[in-house]
Amino acid sequence: TQHPIIISAMDSSSSPPNLLTIILDITTFTWTHRSLARTAKDKALAAKNKSSAGPATLDDVITSVLALGVSFSCLNRDNVLVVIAASEEEVSVIYPRKGGDGNMEEVVMGGGGGGNTGGECGERVDLGLLNDYVRLGVAELVNRSAERAEKRASSSEGATSTQSTSQKKGAAIASALSLALCSINRFMVASHAGVSALANTSLLQRNDDEGILALMGGVSSASKQAQNAQKGILSPRALIIQASPDRTSDYNALMNCAFAANKSSVVIDGCFIPSGLTKNDAKASPYLQQLVDQTNGVYLSVPSGAAQVGGALSEVLMSVFLPPPSVRGEMNLPKLHNVDFRARCFETGESIDVAQICNQCLSIFKERPKEVCLTCGASVRKGKASSGSGTKKMKLK
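As the structure is a computational prediction, the values presented were derived from the model and not from experiment.

Turning next to the overall build of the protein chain. On a plain count of helices and strands, the protein chain comes out with 12 helices and nine strands. Restricting to contacts in the protein chain with at least 6 residues of sequence separation, those with at least 24 account for 71%. Working note: accessible area of the protein chain is about 20000 Å², and carbon and sulfur atoms make up 53% of it.

The structure is reproduced here in structure tokens:
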């Protein structure tokens, strides 16, 4: 006789398959700083016969992500997993990889190295390739990021180089989320016989104008997730694991991604891992909170200290982010009550009431940019300008 847990896992008709895209922040500056601080703290605690109290290192987070991926693959044999790594200046899909066993083409079209040939929704997650590809992909991106940092340090560009690096201190979350939405659409098209499953084509079959109006207005995430579940279509969601501060210049791009995800019923979850080293370190991500609130996802700021080490981080990720959206209504998961929607300067990240607004890209700044807009590069005219390139001073409500 087979074990009941194995039987339920093999019965793919009991629950719809899910498509989980994990975006992992691997910024070298953030994780190097935390690794050095963790080493110093562990030595001091070891002298007192005490265990580590964090913060989490990049290896701890990778181990927790792998544990989450393994658990996710056990929920349904047709579940599909994509992992995207984001550094300061580069994003890349690290699982599945291009070429080789378990490559992106095989996973998208079904069949391949996972042992499931001809599956409609992809293939079973290959646990061995998942571990190898994620660690290899992270190592490649970290090495390339370190090489770029060395080149900048050895160059003689001076203040210009310093200004550009200060604007890219955080991870390229906006670029990674855009790549994630493109990958999700690719999977949805492949699993829906070449037609985008994100579009509600039934609204076009009406004989009156109500169908067009309903299509323009969209449908709720819950109803579209239920329709996909009945048809056996992949239910897409994304999980952003962030450790670096928000990159203020990416706000417009992030909000565009949030609107696109909400329109396509892609749930975005957010997990922020604070360092807890100093009082000035970020304890939450306001931009990530807005993303989650816009797409009806789950947000969590992991507590500092022991909750980030010794396998505790894996427990936190699996307890909060493993359940699919279809069952979250029956669970007591963290809820966002106070989302910070205050306007923030795209240069300093400070909350502001009166700002200079670029009339090209609508970026807001506490102080008028001197020469060009730091977001779009539009030239700023000297003095007051009512039209053309430049900025206008407006009070933000």
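The subject of this paragraph is the pattern of salt bridges. Under the criterion given, the structure shown has 10 salt bridges. The salt bridge partner of Glu-89 is Arg-152, with a shortest N-O separation of 2.6 Å. You can see Glu-89 sitting in the loop between β2 (80-86) and β3 (91-95) and its partner Arg-152 sitting in helix α5 (residues 127-154), a full 63 residues away along the chain. Owing to a relative accessible area of 29%, Arg-152 belongs among the partly exposed residues under this scheme. Here Arg-148 makes a salt bridge to Glu-90, at a shortest N to O gap of 3.4 Å. Taken as a pair, Arg-148 in helix α5 and Glu-90 in the loop between β2 and β3 lie far apart in primary sequence, 58 residues in all. Accessibility expressed as a relative area gives 23% for Arg-148, which makes it partly exposed.

To continue, consider the state of the cysteines. One way to say it: the disulfide is the covalent bond shared by the sulfur atoms of two cysteines. All told, the structure shown has zero disulfides when counted by the stated rule. In this structure Cys-182 is not part of a disulfide, and its nearest cysteine sulfur, from Cys-257, lies 8.6 Å away.

Bringing the nonpolar core into the picture now. Val-61, Val-134 and Ile-241 are the most contacted members of the largest nonpolar core, which totals 40 residues. Considering every element that reaches this core, the biggest residue donor is helix α3 (residues 58-75), with seven residues. Contact partners of Val-134, with chain neighbours within four places excluded, come to Ile-62, Leu-66, Val-83, Ile-94, Tyr-95 and Leu-129. Among the nonpolar cores identified, the runner-up in size contains 32 residues, and Leu-177, Met-188, Leu-254 and Tyr-299 belong to it.

That bond from Tyr-95 to Pro-96 is cis: its omega, -10 degrees, falls within 30 degrees of zero. Secondary-structure assignment places Pro-96 in the loop between β3 and α4 (104-109). Phi angles above zero are rare outside glycine, and Ser-265 is one such case at about 60 degrees. Position of Ser-265 among the secondary structure elements: in the loop between α10 (251-263) and β5 (267-272). Positive phi is not limited to glycine here, since Asn-296 has a value of about 60 degrees. Mapped onto the elements of the fold, Asn-296 is located in the loop between α11 (286-295) and β6 (299-301). On the basis of relative accessible area, Asn-296 is assigned to the exposed category, the value being 56%.

Another aspect to go through is the environment of Asp-126. Along the chain, the position of Asp-126 falls in the loop between α4 and α5. A C-alpha to C-alpha distance of 9.5 Å links Asp-126 and Pro-96, two positions 30 residues apart in sequence.

For any pair of aromatic rings, the description rests on two quantities: the centre-to-centre distance and the angle between the ring planes. On inspection of all chains with the given rule, the structure shows two aromatic pairs. Between Tyr-95 and Tyr-133, the aromatic rings sit 6.3 Å apart at their centres with planes inclined by 45 degrees, giving tilted as the arrangement. Taken as a pair, Tyr-95 in strand β3 and Tyr-133 in helix α5 lie far apart in primary sequence, 38 residues in all. Neither Tyr-95 nor Tyr-133 differs from the other in exposure class; each is buried. Consider the rings of Tyr-251 and Tyr-287, whose centres lie 4.9 Å apart with planes at 55 degrees: the pair is tilted.

Our next topic: the packing of α3 against helix α12 (residues 312-321). Following both chains from N to C, one finds α3 and α12 inclined at 40 degrees, their axes separated by 9 Å at the closest point. Of the possible angle classes, the one that applies to α3 and α12 is oblique. Regarding α3 and α12, the two cross each other, and that crossing is right-handed. Residue-level contacts link Asp-60, Val-61, Thr-63, Ser-64, Val-65, Ala-67, Leu-68 and Ser-71 of α3 to Leu-313, Ser-314, Leu-317 and Met-318 of α12. Partitioned by chemical class, the residues of the contact of α3 with α12 number seven nonpolar, four polar and one charged.

Counted as a void, the largest pocket has a volume near 770 Å³. Every element with two or more residues in the lining of the largest pocket is listed here: α2 (28-47), α6 (159-167) and α11. Looking at the lining of the largest pocket element by element, the count peaks at four residues for α2. For the lining of the largest pocket, the class distribution of residues is eight nonpolar, 13 polar and eight charged.

This brings us to empty space enclosed by the protein. Considering all chains together, one arrives at two cavities of 30 Å³ or more under this definition. Considering only enclosed or pocket space, the largest cavity measures out at about 50 Å³ in volume. Considered class by class, the residues forming the lining of the largest cavity number five nonpolar, two polar and three charged.

Criteria and thresholds
- Residues numbered from 1 in each chain as written.
- Predicted model: local features only at pLDDT ≥ 70, side-chain atom pairs only at ≥ 80, totals over all residues.
- Heavy atoms only, no water.
- Helix = DSSP H or I, 4+ residues; strand = E, 2+ residues; numbered from the N terminus.
- Contact = heavy atoms within 4.5 Å.
- Areas by Shrake-Rupley, 256 points an atom, 1.4 Å probe, with all protein chains shown as cover.
- Salt bridge = Lys/Arg side-chain N within 4 Å of Asp/Glu carboxyl O.
- Buried < 20%, exposed > 50% of the residue type's maximum accessible area, 1.4 Å probe, protein only.
- Disulfide = S-S within 2.5 Å.
- Core = buried A, V, L, I, M, F, W, Y, C linked by side-chain atoms within 4.5 Å.
- Phe/Tyr/Trp six-rings, centres within 6.5 Å; stacked < 30°, edge-to-face > 60°.
- Axes fitted to C-alpha atoms, helices over the stretch in contact; angles between N-to-C directions.
- Parallel < 35°, antiparallel > 145°, perpendicular 65-115°, else oblique.
- Left-handed = near helix turned anticlockwise from the far one by under 90°.
- Nonpolar A, V, L, I, M, F, W, Y, C, P; charged D, E, K, R; others polar.
- 1 Å grid on protein atoms, 1.4 Å probe; cavity = no way out; pocket = protein on both sides within 12 Å on 5 of 7 lines; lining within 4 Å.
- Points joined across faces, edges and corners; volume = space filled by probe spheres on them.

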